[in-house]
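Close look at the chain arrangement
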Protein chains: 2
Amino acid sequence: MELETRYEAEPGSVRPGGRTARVRAAVLRAAEDVLAEQGFAHLDLADVARRAAVGKTTVYRRWGTVANLVADLLADMAEQSVPRTETGSLLGDLTANARLVQRTLTDPRQVALFKAVIAAATWDTRTAQALRRFYDIRVNEWAPCVQQAIDRTEIPPDTDPREVIRAVSAPLYYRLLISGEVLDQAAADRAAAAAVAGARAGVYRRDGDRGSA
Amino acid sequence: MELETRYEAEPGSVRPGGRTARVRAAVLRAAEDVLAEQGFAHLDLADVARRAAVGKTTVYRRWGTVANLVADLLADMAEQSVPRTETGSLLGDLTANARLVQRTLTDPRQVALFKAVIAAATWDTRTAQALRRFYDIRVNEWAPCVQQAIDRTEIPPDTDPREVIRAVSAPLYYRLLISGEVLDQAAADRAAAAAVAGARAGVYRRDGDRGSA
DNA sequence: CCGCTAATGGAACTAGAGACCCGTTATGAG
DNA sequence: CTCATAACGGGTCTCTAGTTCCATTAGCGG
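The sections below set out a description of the structure shown in this document. This structure is a prediction, so every number in the text was calculated from the model and none was measured. (Residues numbered from 1 in each chain as written. Chains lettered and ligands numbered in written order. Predicted model: local features only at pLDDT ≥ 70, side-chain atom pairs only at ≥ 80, totals over all residues. Heavy atoms only, no water.)

As for helix α8 (residues 125-151) of chain A
All names here are of chain A. For α8, spanning 27 residues, the distance from its first C-alpha to its last is 38 Å, which sits close to the expected 39 Å at 1.5 Å a residue. At Trp-142, α8 shows its maximal kink, close to 30°; a proline, Pro-144, follows between one and four residues later. Where α8 begins, the side chain of Asp-124 points an oxygen toward the backbone nitrogen of Arg-126, at a separation of 3.3 Å. Thr-153 sits one or two positions beyond α8 and adopts a positive phi of about 60°. (Helix = DSSP H or I, 4+ residues; strand = E, 2+ residues; numbered from the N terminus. Expected span 1.5 Å × (residues − 1). Bend = angle between axes of the 7 residues up to and from the residue. Polar contact = N/O pair within 3.5 Å; in protein donor to acceptor, adjacent residues only side chain to side chain.)

Listed below in structure tokens is the structure:
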């Protein structure tokens, strides 16, 4: 992105008050609308500028590319933290997590955004980084419930909590992106159950020794 | 794609011999090269035509869009069937499958192609269909090894074989597309072990009753 | 409240992806 | 072998995403 050197991608810190923040909010909102209504393929910065009632130049100056805009959208979303519920059992906690993911990936607005981000992340490094940061945060938020299951001796003590959380999400994203099967609550519950089964069998232990043999 | 009505996307069946086949092969090969070298973002049909030493018009006439080209590339690849090994145990078979997927998603040329296809599939319906056909074929090829495990009473009789196979792939694709963690053989083995653990626990049974409680 | 200047916005400009015209090549049926 | 025509290809045109220029607006330090 040679844009980064030519312009300031982010207004940085010099004068981020009032108007700048307003413009950013309007543009992100408009981008979200376009994504939800017409999808990633029609996401054109000039069009976003028009909808946001903002100068085309401004959008190109501050974001420059579709990938940057989409990455910023994700960063914005990452700030809204979702509270984690506690049910007292690993299966209960992971099911809650799986259903949360499933609801997210079923909501038309959100699914459009996530598909766009994931697509952009396959070819744009900056977007890929933003995506990983986002999921790092999410995974860290949920990892404690696996630790609690370890403390309750539900699962082996050297289980990697983050790996278990990721195991819950994986089949759901697989459905969304690859197989295209319906993402219903049953799928979510199955994902959670599978993660629990794996954890109990010692699949997600930190050392190389895999259980289940 | 109103192109479909204006041109013939596929030459169909009238005269597919010699030259037409040669052109198709050259274009697909060139597209693969561009993907591997410069990635999806730089995949320009005119450039592909130049590399393939083929008229730009021909490429636009027969494929029309980047998504179509990429979908055709995948369809071409789907025809090369990979032989399935049989090890005598479910874990052995699924590990072989997982390692095959892992090798595919590690090979630079193939990974570029798969990322491009998956990205295109998030916004192009035809590509999404091609993608699902591809994995339908692959899943069907491997499902029998799960059926054999059922016959050996390794896992519950009402296990859905296709769901087990998909469970093996899901974490690997998750790493590739989302978390960005390294896709090594250990990850593949873990994916296989997790699928076995889930299958044994009855997670992938056809009815609604999930095991593992 | 004033003024400096960061940030925005309109408008004209440019480049290149993709569409189209029409002449040329060579496949495959008879 | 011959010929009708399916399929290819060069050249040109169009349209629009992205860039640049410069005038205008409005944060924010004083």
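A word on the interface of chain B and chain A
On the chain A side, the residues contacting the 38 residues of chain B number 37 residues. Both faces considered, chain B and chain A share a buried interface measuring about 3,400 Å² in area, 66% of it formed by carbon and sulfur atoms. One can count 6 salt bridges joining chain B with chain A. One salt bridge in this structure joins Arg-175 of chain A and Glu-163 of chain B, with 3.2 Å as the shortest N-O distance. Between chain B and chain A we count 4 residue pairs in polar contact (both at pLDDT 80 or more) in total. When residues of the side of chain B that touches chain A are traced back to their parent elements, those giving at least two are α7 (108-121), α8 (125-151), α9 (161-179) and α10 (185-200) of chain B. At 11 residues, α9 of chain B tops the list of elements feeding residues into the side of chain B that touches chain A. Residues belonging to the side of chain B that touches chain A are distributed by class as follows: 23 nonpolar, 6 polar and 9 charged. (Contact = heavy atoms within 4.5 Å. Buried area = accessible area lost by both parts, 1.4 Å probe. Salt bridge = Lys/Arg side-chain N within 4 Å of Asp/Glu carboxyl O. Nonpolar A, V, L, I, M, F, W, Y, C, P; charged D, E, K, R; others polar.)

Structural notes on the relation of the copies chain B and chain A
The two copies are related by a screw operation: chain B maps onto chain A through 180° of rotation and 0.0 Å of translation along the axis, at an RMSD of 0.1 Å. Put plainly, the chains are arranged around a two-fold axis. Residues of chain B ranked by C-alpha distance from the rotation axis are headed by Ala-119 of chain B, positioned 2.1 Å from it. The fraction of interface residues of chain B whose copies in chain A are also interface residues reaches 97%, indicating that both copies meet through the same surface. (Least-squares fit on C-alpha atoms with pLDDT ≥ 70 in both.)

What about empty space enclosed by the protein?
It is a probe the size of a water molecule, rolled over the atoms, that shows where empty space is left. Applying the stated rule across the entire model yields 3 cavities of 30 Å³ or more. Taken together, 21 residues make up the lining of the largest cavity; nearest its centre are Ala-167, Ala-170 and Tyr-204 of chain A together with Pro-171 and Ala-194 of chain B. Every element with two or more residues in the lining of the largest cavity is listed here: α9 (161-179) and α10 (185-200) of chain A together with α9 and α10 of chain B. Considering each element in turn, the lining of the largest cavity owes the most residues, 6 residues, to α9 of chain B. Partitioned by chemical class, the residues of the lining of the largest cavity number 16 nonpolar, no polar and 5 charged. Lining the second largest cavity are 14 residues, with Pro-171, Arg-175 and Arg-190 of chain A together with Glu-163 and Tyr-204 of chain B sitting closest to its centre. Looking at the lining of the second largest cavity, the elements that each hand over two or more residues are α9 and α10 of chain A together with α9 of chain B. By residue class, the composition of the lining of the second largest cavity is 9 nonpolar, no polar and 5 charged. (1 Å grid on protein atoms, 1.4 Å probe; cavity = no way out; pocket = protein on both sides within 12 Å on 5 of 7 lines; lining within 4 Å. Points joined across faces, edges and corners; volume = space filled by probe spheres on them.)

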